[in-house]
Amino acid sequence: MYLTYTVYVLILALFIWGGKFAGFKKDQFHEDSASLDSFMSLRGFAAIGVILHHISQENSFQMANGYGSKPGELSIFVNAGYLFVAIFFFCSGYGLIKSLETKPDYFNGFIKKRVVKTLIIPYYVSILIYGILRFASGERFAPLQWVSHLLGFSMMNEYGWYPIVAFFLYMAFYLLFKNIKNRKLCYILMAAFIIFLGMLFCVNGHFTWWAGPKNWWLGPSPLHEKWWAQQKVFWFSGEWWINSCPAFFIGMLFAQFDKQIRDWFRKFYWGKFALVLLATLTAYVLSGYGQMRFGWWTEFNGNGPDIGKKIATYFCVIPYSMLFPTCLFTIMLKYKVTNPISRFFGKISLETYMMNLIMITVFRFLLYKPHPQYGSFPIYKAGHYNLAIYFVAVFAGTILLGLLYKFLCGIIQKRIK
């Protein structure tokens, strides 16, 4: 577990480096806790967390001794991915409302600047990159699969779902807040739309369960050979698409009532912080209960898609995705961190997110040994040094590829008239 402890120490050092404590007195607060620089660093920490989450999901990291009898390396990050993405959504929702309130004619050019340049172009550039690399690696797709992948209707990059969800959230914000004067109604409709996205997954499930007889995926079926019947192929085919979206709505509310919220915390801050922390811990317990009692992967219970249990899980999980960034916002009123590393990752957060899967895949030879019967199995060198090399290689490769990806997107974005 030396790698895990080393990572924990490095993260702790990052939280200390550049950290500023406002003070214990009731009138000592960071008035700039939600500034662009503060949120940039917060996004940077979230970007680092996402990379750690993706690495921790590799089987070699989940099986500390090769048998899974003890927690694996970086095990704390295995199920934390959606919380890091919730930070992104919270910051995005907050930023949209603040921009709407402070920038005249904010919606002029909104589609071009906030949708086309920051979401659509990066999404399709990533499709081209992954398409070229997958073809070069020897993968061959059916013609219809090529068309679907290149059009973006199915996932060439299974990690590339964030721009799609953000696109829908941004468009909903644009259409509602631009055309409806009643702000309260806008928020109600925005909340309803986010729940609608959640229901899309709950009905859609993890794959095309409706394409054959009940429970076809549990036994022999020709559908197992169809590319479109596999997991992670189409939009909203996974709980990770929707379980962090409610944080977008919370970010919008915090921006709308920023002054009132700050004024409320000024009186008896530590007691109110304790309440927020208790609520967050309660939501964490509820989230765990919902996932254990009902579960996301209900297709494998033998009861068909079992949509109702997915819905129950969804409503058990969303309080935690909303309260987690709320708790961070509360902490940042007193303690915030900005340093060169957090700002750097904040500036390339989307780029590292989109390119991470390539590096995760390229360096897997360090983790697995081919097996004639079972495909591959994890290998462990003394002290898990091969896991440490993999960790460093993935991080370094993701940064370099992310910078190149940012450069390519920038060239195209500058040519958009």
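Everything in this summary refers to the structure shown in the same document.

Considerations on the overall build of the protein
1) Next: Within the protein, the secondary structure is distributed over 15 helices and four strands.
2) Next: On C-alpha atoms alone, the protein measures out to a radius of gyration of 22 Å, which is about the 22 Å that the 2.2 N^0.38 rule sets for 417 residues.
3) Next: For the C-alpha atoms alone, the extent of the protein along its principal axes is close to 65 × 50 × 50 Å.
4) Next: Out of the 417 residues belonging to the protein, those deemed buried represent 50%.
5) Next: By sequence separation, contacts in the protein at least 24 residues apart represent 78% of the contacts at least 6 residues apart.
6) Next: When the accessible surface of the protein is split by element, carbon and sulfur atoms take 68% of a total near 20400 Å².
7) Next: Once the 39 positive and 17 negative side-chain charges of the protein are each reduced to a mean point, those two points are 4 Å apart.

Some details on the packing of helix H2 (residues 36–56) against helix H4 (residues 81–102)
1) Next: Direction vectors running N to C along H2 and H4 enclose 155°, while the axes themselves pass 8 Å from each other. It follows that H2 is roughly antiparallel to H4 by the angle criterion. The handedness of the crossing between H2 and H4 is left-handed. Along the contact surface, H2 presents Phe39, Leu42, Arg43, Ala46, Ala47, Gly49, Val50 and His53, while H4 presents Gly81, Phe84, Val85, Ile87, Phe88, Phe90, Cys91, Ser92 and Tyr94.
2) Next: The residue makeup of the contact of H2 with H4, split by class, is 12 nonpolar, four polar and one charged.

Examining the packing of aromatic side chains
Working definition: an aromatic ring pair is given by the centre-to-centre distance plus the angle between the planes.
1) Next: Applying the stated criterion across every chain yields a total of 62 aromatic pairs.
2) Next: With a centroid separation of 5.6 Å and 80° between ring planes, the pair formed by Phe29 and Tyr269 is classed as edge-to-face. One end of the pair, Phe29, is in the loop between strand E1 (19–21) and H2; the other, Tyr269, is in helix H11 (residues 269–293), and 240 residues separate them in sequence.
3) Next: Exposure remark for Tyr269: the relative accessible area of 4% places this residue in the buried category.

Points about the nonpolar core
1) Next: Counting residues in each nonpolar core, the largest one holds 118 residues, and the members touching the most others are Ile55, Phe89, Phe173 and Phe177.
2) Next: Broken down by element, this core gets its largest block of residues, 14 residues, from H4.
3) Next: With five residues, the next largest nonpolar core counts Phe207, Trp216, Trp217 and Ala229 among its residues.

Structural notes on helix H6 (residues 143–151)
1) Next: Those residues of H6 lying buried are Gln145, Ser148 and His149. Buried residues of H6, viewed axially, fall in a sector of 95°; they line one side.
2) Next: The positive-phi residue at the C-terminal boundary of H6 is Gly152, with phi of around 90°.

So, the packing of H4 against helix H7 (residues 162–179)
1) Next: Taken N-terminus to C-terminus, the directions of H4 and H7 make an angle of 25°; their axes are 12 Å apart at the nearest point. The pairing of H4 with H7 is recorded here as roughly parallel in orientation. Of the two elements, H4 crosses H7, and the hand of that crossing is right-handed. Across the interface between the two elements, Val85, Phe88, Phe89, Ser92, Leu96, Ile97 and Leu100 from H4 touch Tyr162, Val165, Ala166, Leu169, Tyr170, Phe173 and Phe177 from H7.

With respect to a nonpolar patch on the surface
1) Next: Nonpolar side chains collect at one region of the surface, where Leu404, Phe407, Leu408, Ile411 and Ile412 lie side by side and expose about 430 Å² of accessible area between them.
2) Next: Examined against the element boundaries, Leu404 turns out to sit in helix H15 (residues 385–414).
3) Next: Owing to a relative accessible area of 44%, Leu404 belongs among the partly exposed residues under this scheme.

Notes on the pattern of salt bridges
1) Next: A full pass over the atoms with the stated rule returns 11 salt bridges.
2) Next: Arg266 is the partner of Glu31 in a salt bridge, and the nearest nitrogen-oxygen pair spans 2.5 Å. Here Glu31 is found in the loop between E1 and H2, whereas its partner Arg266 is found in helix H10 (residues 258–266), with 235 residues between them in sequence.
3) Next: Arg134 is paired through a salt bridge with Glu139; the nearest N and O atoms lie 2.8 Å apart.
4) Next: Take Arg134: its relative accessible area is 21%, and that puts it in the partly exposed class.
5) Next: Under the relative-accessibility criterion, Glu139 is labelled partly exposed at 30%.
6) Next: Among the charged side chains, a network of salt bridges with common partners joins Glu31, Lys259, Asp263 and Arg266.

So, the environment of Ser137
1) Next: Position of Ser137 relative to the elements: it lies in the loop between helix H5 (110–136) and H6.
2) Next: The exposure class assigned to Ser137 is exposed, which follows from its relative accessible area of 56%.
3) Next: A distance of 2.8 Å separates a polar side-chain atom of Ser137 from the backbone oxygen of Arg134.

Basis of the calculations
Residues numbered from 1 in each chain as written. Predicted model: local features only at pLDDT ≥ 70, side-chain atom pairs only at ≥ 80, totals over all residues. Heavy atoms only, no water. Helix = DSSP H or I, 4+ residues; strand = E, 2+ residues; numbered from the N terminus. Rg over C-alpha atoms; globule rule 2.2 N^0.38 Å. Buried < 20%, exposed > 50% of the residue type's maximum accessible area, 1.4 Å probe, protein only. Contact = heavy atoms within 4.5 Å. Areas by Shrake-Rupley, 256 points an atom, 1.4 Å probe, with all protein chains shown as cover. Lys, Arg positive; Asp, Glu negative; His and termini not counted. Charge placed at Lys NZ, Arg CZ, Asp CG, Glu CD. Axes fitted to C-alpha atoms, helices over the stretch in contact; angles between N-to-C directions. Parallel < 35°, antiparallel > 145°, perpendicular 65-115°, else oblique. Left-handed = near helix turned anticlockwise from the far one by under 90°. Nonpolar A, V, L, I, M, F, W, Y, C, P; charged D, E, K, R; others polar. Phe/Tyr/Trp six-rings, centres within 6.5 Å; stacked < 30°, edge-to-face > 60°. Core = buried A, V, L, I, M, F, W, Y, C linked by side-chain atoms within 4.5 Å. Arc of directions from axis to C-beta. Patch = residues over 30% accessible without salt bridge, like charges linked within 9 Å, V, L, I, M, F, W, Y side chains within 5 Å. Salt bridge = Lys/Arg side-chain N within 4 Å of Asp/Glu carboxyl O. Polar contact = N/O pair within 3.5 Å; in protein donor to acceptor, adjacent residues only side chain to side chain.

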